[in-house]
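Listed below are the residues making up each chain.
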There are 2 protein chains.
Amino acid sequence: MKEWEKYLERAMACQTALTLFEWDNETLAPEEAGSWTARVQGTLSEMYQEVMTDPRLTELIEEAEKEELTDVQRAVIREAKEEIRKLSCIPPEEYRAFQELSAESTRVWAKARESQDFEAFAPILEKIISCQKCFAACQAREGQKLYDVMLDNYEKGFDMEKLDEFFGMLKEELVPFLHQVRESRVRISDEFLKGDYPEEKQRELAEYVAEYMGFDFHKGVLAVSAHPFTTNLHNHDVRITTHYSDRMDSSLFSVIHECGHALYEMGIGDELTQTLAGQGASMGMHESQSRFFENIIGRKEAFWIPLYSRVKEIFPEQLKGVGREMFVKAINKVEPGLIRTEADELTYSLHVMIRYELEKLLIEEDLDVRELPQLWADKYEEYLGVRPTTVAEGVLQDIHWAQGSFGYFPSYALGSAFGAQMYEYMKGQMDFDSLLARGEIGVIREYLREHIHRYGKCRTSREILKEMTGEDFNPACYVRYLKEKYGKLYQI
Amino acid sequence: MKEWEKYLERAMACQTALTLFEWDNETLAPEEAGSWTARVQGTLSEMYQEVMTDPRLTELIEEAEKEELTDVQRAVIREAKEEIRKLSCIPPEEYRAFQELSAESTRVWAKARESQDFEAFAPILEKIISCQKCFAACQAREGQKLYDVMLDNYEKGFDMEKLDEFFGMLKEELVPFLHQVRESRVRISDEFLKGDYPEEKQRELAEYVAEYMGFDFHKGVLAVSAHPFTTNLHNHDVRITTHYSDRMDSSLFSVIHECGHALYEMGIGDELTQTLAGQGASMGMHESQSRFFENIIGRKEAFWIPLYSRVKEIFPEQLKGVGREMFVKAINKVEPGLIRTEADELTYSLHVMIRYELEKLLIEEDLDVRELPQLWADKYEEYLGVRPTTVAEGVLQDIHWAQGSFGYFPSYALGSAFGAQMYEYMKGQMDFDSLLARGEIGVIREYLREHIHRYGKCRTSREILKEMTGEDFNPACYVRYLKEKYGKLYQI
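Nothing here was measured: the structure is a model prediction, and the numbers come from that model.

Student: Before we move on, can you summarise the interface of chain B and chain A with the specific residues and values?
Tutor: Contacts between the two partners involve 41 residues from chain B, matched on the other side by 41 residues from chain A. Summed over both partners, the interface of chain B with chain A buries about 3800 Å², with 59% contributed by carbon and sulfur atoms. Scanning the region where chain B abuts chain A turns up eight salt bridges. Notably, a salt bridge pairs Arg39(A) with Glu9(B), separated by 3.4 Å at the nearest N-O pair. Counting the contacts that link chain B with chain A gives 20 residue pairs in polar contact (both at pLDDT 80 or more). Elements supplying a minimum of two residues to the side of chain B that touches chain A: helix 1 (3–27), helix 2 (34–52), strand 1 (220–224), strand 2 (230–234) and strand 3 (237–242) of chain B. Each residue belonging to the side of chain B that touches chain A can be placed in one class, and the counts come to 18 nonpolar, 10 polar and 13 charged.

Now the structure itself:
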């Protein structure tokens, strides 16, 4: 191991520890531990930053670049330089303070959500935003706008200009299309998805479907948390969470979604894991995988051909008289709602669009956070035709802002669009319906591993798209995919 | 915060992260994660050692000692100097290699135990022992024996000379006394403790009893692991584990035991936690608390007066016709067995004595590890009158040696003896039977917190005993306590 690699090994050890603390906080840690553990997290963050910004590391990297490097080393060095550049401009004290603040903030958010009290969250949200703006200002290149800096942290090559265009197309095409769907005379019943679905039975189904998809429980864990997420310590320890409610499709599709993320992380090469290039290419590329499995594959009738008899076995009473076709229609029902994570495939990106518009206002127009609940509600009414009556089903539903993740949301919609573009191309390479009908999901998974997963961060999302599909990002595929699928289902 | 305190804060952050990794490995981590995560643990250990052995820290501490210090600072500096002395003599590479080795070794041990294959464990055990001897040799003061160095790591002031005396007394007094008990005509029936005790019901009882004892679930977690243990990130995050079997007393008393440890950690002062002096005074003092609750208090009839009706409610069928008196007799039944963690109060310290004798042979006489299974069996036959037929119920039953914890076992027996000495003294201060009968266990717990817990490592175990009971360690109290209690029960 080279000396520069030893530095990065230490940085990664701090990051891996921080990942485990975060996992533990979300799934298990006792209530009062928070502020005490936050000190430890703060110290580890500080140590991480100190290792990365050590001038000796920069020297060593500059020397290393003159020598012959493997592909992995080249990718790691590129990521390291980018990270050093970002960190170097943030004073260590502020960086540490932010880590502690965001740990505190997620706790405040959880309580505020529970007690329906936006005012309790507003002051700390203001602090979080001001910190994030300050960090972005430090990181900004000459003339770069703050929100563009934030967007770049999650998705290289997608700034406001590109996203305005993307969301512009969605607004123009999908908002009126959704209107047509709502006017359609087709009625889909899905009441049976809600009912007395015991948690342990839902868990049994979750494990069965996860295993079928290729989630390897020897390298993975499934647990429960308030907000489902995927995390990983390395490619041999990938963890997903879900939550159980009286809607069986809620946990079922959150598990399929998180499994998509998990398969990505499990598919990263052994030579890459535990390095700075050993994660998914970008947030959007990650979402492309989770949404590909959740929606494009997971809501297809063919997906359920080999699985549905088991679903019925697990829930014989609850699904009495519900055939596969009826089940598949139900899980594709379009119903504009208030909660992003419960949204159907068609309306999902409109939820994201609202957050994108609000983030732009918060970051670029200094919107007063106290205006958020009202603006949030107005936009939901305008685009989705529904209006939240409480902040828990409105502006407080997501953890992201509490964590300081501004610029993250657009990746969700981009991911869906990436996935649709891949799907359009892959349809020429394989017959999805017959593969899925025969239970051969592994062929699809391995194709994705081969073309995406194993590269980690060695390629950017746009490079992956180009090399895989032969063209740069093309949002029209996504609109085509949605209109074709839902036009057919709703006879438009 | 002083500069030397910042150094120690980083050292503690590494330790806290390592604690969380260990907890996670024992309770949740996926099977194949081990060797990958071990790299991270190795790096964190190295970082810990580097912070502690930084010459600048030693300089800063020397300067700090010239200034006025608080009691806490004095204790922290004393612990830091001791730790620096120990670490400074171990080369960092070897220290790191050992951390990885011991992580690997516990996995090999678990598999060997499962497959009843001592040979599979022997080679790595040899490596562990040779590492431990090498570390002890580095740490040894002029003329100090290796096993004395190891003993000192767990219990200051108790070397082989003192322990030969202690275990000599136990051998002389308890082995023949046990013989009398076995010849006694008193027959105690306890078959009802074994049966169809559903795990979730056992868990319900465990939570009930833990809460009654004062285990605060806002600051604590109860989980499941192969071998019950207690750990803590700080005094606001204390975690215990148990395992469930068809013997309800097995998990019940392991929970009471671990709660004793947990109350100690929860009782440590806020000004001490997250410092090097913020843990229990010693392993033996820790065991004194767990065994005090498990045996001296927890197996008393009075303890069960306020609790037994709930026990019957939880297990109405299983304990049909079993009155409180019968239950209490059953949980005090003496029955020499093969498994230390399942041993009754009287025979427990004889299990420890066997391990002490074998450790002395391994460390001081270079005993070949391949002789362990035979010697182990012979000693069990001689002292306890039972002989293991498999290694799982013999030499492979404990995790300690796999972790490199040599010199740890004696603390278990010392803890029992410390507890008996405290009990003898405390009986003059309070009426245990009437307090417990009224459900006022809190009075006892607060007395222990006042005299022991809150001090953390500010006092040694011998200092605590002296200040609390007015005399130095006196093993005769322990023999008296056991002979009186079991003489009465077995009518000797």
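Once you've had a look at it, read on.
Student: Just give me the short version of the pattern of salt bridges, but keep the residues and values in it.
Tutor: Across all of its chains, the model carries 93 salt bridges over all chains by this definition. One salt bridge in this structure joins Arg247(B) and Asp190(B), with 3.5 Å as the shortest N-O distance. Here Arg247(B), found in the loop between strand 3 and helix 10 (248–266), pairs with Asp190(B), found in the loop between helix 8 (160–183) and helix 9 (199–213); they are 57 residues apart in sequence, far enough to count as distant. Salt-bridge contacts for Asp433(B) lead to Lys300(B); the nearest nitrogen and oxygen are separated by 3.4 Å. Here Asp433(B), found in helix 19 (residues 432–437), pairs with Lys300(B), found in the loop between helix 11 (283–297) and helix 12 (301–304); they are 133 residues apart in sequence, far enough to count as distant. Owing to a relative accessible area of 16%, Lys300(B) belongs among the buried residues under this scheme. In the salt-bridge network here, residues are joined through shared partners; they are Glu82(A), Arg85(A), Lys86(A) and Arg141(A).

Student: Talk me through the sheet that holds strand 3 of chain B; I want residue IDs and the actual numbers.
Tutor: Residues and elements named next belong to chain B. The strand order across the open sheet formed by three strands is 1-3-2, and the pairing between neighbours is mixed. Every other strand in the sheet has two partners, leaving strand 1 and strand 2 as the edge strands with one partner each. The average undirected angle you get between the axes of adjacent strands in this sheet is 20 degrees. Bridge count for strand 2 against strand 3 is four bridges, and the pairing is antiparallel. Of the residues in strand 3, the one forming a bridge with histidine 234 is aspartate 237.

Student: Pulling in residues and values, what's your account of the packing of helix 11 of chain B against helix 18 (residues 409–426) of chain B?
Tutor: Residue and element names in this part refer to chain B. Packing of helix 11 against helix 18 brings their axes to within 7 Å, and their N-to-C directions diverge by 65 degrees. For the crossing formed where helix 11 meets helix 18, the hand is right-handed. Residue-level inspection shows Met283, Gly284, Met285, Glu287, Ser288, Gln289, Arg291, Phe292 and Ile296 of helix 11 in contact with helix 18, the latter providing Ser411, Tyr412, Gly415, Ser416, Phe418, Gly419, Ala420, Met422, Tyr423 and Met426. Tallied by class, the residues present in the contact of helix 11 with helix 18 amount to 10 nonpolar, seven polar and two charged.

Calculation rules
Residues numbered from 1 in each chain as written. Chains lettered and ligands numbered in written order. Predicted model: local features only at pLDDT ≥ 70, side-chain atom pairs only at ≥ 80, totals over all residues. Heavy atoms only, no water. Contact = heavy atoms within 4.5 Å. Buried area = accessible area lost by both parts, 1.4 Å probe. Salt bridge = Lys/Arg side-chain N within 4 Å of Asp/Glu carboxyl O. Polar contact = N/O pair within 3.5 Å; in protein donor to acceptor, adjacent residues only side chain to side chain. Helix = DSSP H or I, 4+ residues; strand = E, 2+ residues; numbered from the N terminus. Nonpolar A, V, L, I, M, F, W, Y, C, P; charged D, E, K, R; others polar. Buried < 20%, exposed > 50% of the residue type's maximum accessible area, 1.4 Å probe, protein only. Pairing = 2+ DSSP bridges. Axes fitted to C-alpha atoms, helices over the stretch in contact; angles between N-to-C directions. Left-handed = near helix turned anticlockwise from the far one by under 90°.

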